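Listed below are the residues making up each chain.
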Amino acid sequence: MNSSIDDDRWRWGKLLMACFDHLQPILARRDPPVVDREIIPDFGGGPDGLSIWLICSNSNEVSRLSLQHDELRTLFADAMSSRGFPKLACESLRVLFTSHEDIEAGGGRFYFFR
């Protein structure tokens, strides 16, 4: 198995993780702060149609965070573009919101993100 990011079918998901890691200091200062993420890659290995769940701590914060959708989506699309994502991939990014509380109430990460 090749672990090189250039030949890896998870390349685009890993690059989106790198975008999140780069933006994390900014995201942590938001109101409410984004404390975690879950990335759903294209299982065929393509760059289009990726999803990122931005996770806050408490379920009562999700609605406030989701009001920032357009701004956060632009922030990620710009970061993706600067890392070499194709234009369609930036345009097709899905940004979703949840909380650690909601994930736990839904049975944990494995069940919540199925």
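Bear in mind that the values here come from a model prediction, so they are computed numbers and not experimental data.

Rules of the game
- Residues numbered from 1 in each chain as written.
- Predicted model: local features only at pLDDT ≥ 70, side-chain atom pairs only at ≥ 80, totals over all residues.
- Heavy atoms only, no water.
- Salt bridge = Lys/Arg side-chain N within 4 Å of Asp/Glu carboxyl O.
- Helix = DSSP H or I, 4+ residues; strand = E, 2+ residues; numbered from the N terminus.
- Buried < 20%, exposed > 50% of the residue type's maximum accessible area, 1.4 Å probe, protein only.
- Pairing = 2+ DSSP bridges.
- Axes fitted to C-alpha atoms, helices over the stretch in contact; angles between N-to-C directions.
- Contact = heavy atoms within 4.5 Å.

On to the pattern of salt bridges. Taken as a whole and assessed by the stated rule, the structure comprises six salt bridges. Put simply, Arg-30 and Glu-71 hold a salt bridge, and the shortest N to O gap is 3.1 Å. Of this pair, Arg-30 sits in the loop between helix H1 (11-28) and strand E1 (36-40) while Glu-71 sits in helix H3 (residues 69-82), and the two are 41 residues apart along the sequence. Judged by relative accessible area, which is 15%, Arg-30 ranks as buried. A salt bridge links Arg-109 to Asp-36; its shortest N-O distance comes to 2.3 Å. Separated by 73 residues along the polypeptide, Arg-109 in helix H6 (residues 109-112) and Asp-36 in strand E1 bring together distant segments of the chain. A relative accessible area of 31% means that Arg-109 is categorised as partly exposed. Through salt bridges with shared partners, a single network forms among Asp-36, Glu-38 and Arg-109.

It is worth spelling out the sheet that holds strand E3 (residues 94-99) at this point. Read from one edge to the other, the open sheet built from three strands follows the order E1-E2-E3, with strand pairing classed as mixed. On the outer flanks of this sheet lie E1 and E3, each paired with one strand and no other. Direction aside, neighbouring strands of the sheet carry axes that sit 25° apart on average. Across five bridges, E1 lies against strand E2 (residues 51-56) in antiparallel orientation. Bridge pairing in E2 links Ile-39 to Ile-52. On top of the sheet, H3 reaches E2 and E3; it is set at about 120° to E3, its chief contact.

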